[in-house]
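Read off the chains here:
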Amino acid sequence: MLKAPRRSPKPSSRRTTRRLFATEIVNGGLPTHIGAALLGHLILQTTQGYVAVFAEDIVKHYQEFLNHRRDLRPEHEYGDVTPEEWAEFEEHFDKRKVELGNCAHPYGSPCQHEHACIRCPMLQVSPKMLPRLAELEKDLSLRRKRAQEEQWLGEIEGIDLTLTFLRTKQADAARLTRRVPVDLGIPGPRH
């Protein structure tokens, strides 16, 4: 009886091998920054581009990380939250809701921009507000034109800076419209 000749597996490229290696080590639990060092990447985004990450993996690793962190903390740190503490916590986030989206300053920290400055790196613009950002950009462009006519050099510099931040926020909000949200769930207290 004759057997069919064995075919050798299709040779893979170095890039394919690196992608498989990166995916395997990161999905196996190795932090991305260490994977980047192993692969010789100077920028984490390069490694993240190599890694095939699936939503289920993100949720699984996040939950494992939380459980590990909880195991390391002393038991007495986990107490029941009082109604007053919970009300204060909720009030913090209610105050962070602004016209353009949310101010992402951490709980208990003040906001020097009073939750509304387009220049604030902590302002997270909602994708629904893209038309409003277009209005703001048009208004700033008109103000810049007037400042040029009047030769208000300091005003031009400030408007240019604000326009730079505004365009970055527009790009970020537009990117969010293409992203599918992942439900990580809300961690509950340990019993």
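Bear in mind that the values here come from a model prediction, so they are computed numbers and not experimental data.

S.K.: What's the story with the packing of helix 1 (residues 14-27) against helix 2 (residues 32-39) in this structure? I'm lost.
M.R.: Helix-helix packing is characterised by the crossing angle of the two axes and by the distance between the axes. Look at helix 1 against helix 2: their axes get within 10 Å of each other, and the N-to-C directions meet at 150 degrees. In this view, helix 1 runs roughly antiparallel relative to helix 2, as classed from their interaxial angle. Crossing of helix 1 over helix 2 shows right-handed handedness. In contact with R18, F21, A22, I25 and V26 of helix 1, helix 2 contributes T32, G35, L38 and L39. Among the residues making up the contact of helix 1 with helix 2, the classes are represented as 6 nonpolar, 2 polar and 1 charged.

S.K.: Would you mind going over the pattern of salt bridges with me for this structure?
M.R.: Pairing is possible between side chains of opposite charge, provided their charged atoms come close. What the rule picks out here adds up to 8 salt bridges. Between D94 and K97 there is a salt bridge, and its shortest N-O distance comes to 3.7 Å. Here D160 and R144 are joined by a salt bridge, their closest N and O atoms 2.4 Å apart. Linking D160 in helix 7 (residues 153-177) with R144 in helix 6 (residues 130-150), this pair joins segments that are 16 residues apart in sequence. Owing to a relative accessible area of 22%, R144 belongs among the partly exposed residues under this scheme. Several salt bridges converge on common partners, so that one network encompasses E99, R132 and E135.

Calculation rules
- Residues numbered from 1 in each chain as written.
- Predicted model: local features only at pLDDT ≥ 70, side-chain atom pairs only at ≥ 80, totals over all residues.
- Heavy atoms only, no water.
- Axes fitted to C-alpha atoms, helices over the stretch in contact; angles between N-to-C directions.
- Helix = DSSP H or I, 4+ residues; strand = E, 2+ residues; numbered from the N terminus.
- Parallel < 35°, antiparallel > 145°, perpendicular 65-115°, else oblique.
- Left-handed = near helix turned anticlockwise from the far one by under 90°.
- Contact = heavy atoms within 4.5 Å.
- Nonpolar A, V, L, I, M, F, W, Y, C, P; charged D, E, K, R; others polar.
- Salt bridge = Lys/Arg side-chain N within 4 Å of Asp/Glu carboxyl O.
- Buried < 20%, exposed > 50% of the residue type's maximum accessible area, 1.4 Å probe, protein only.

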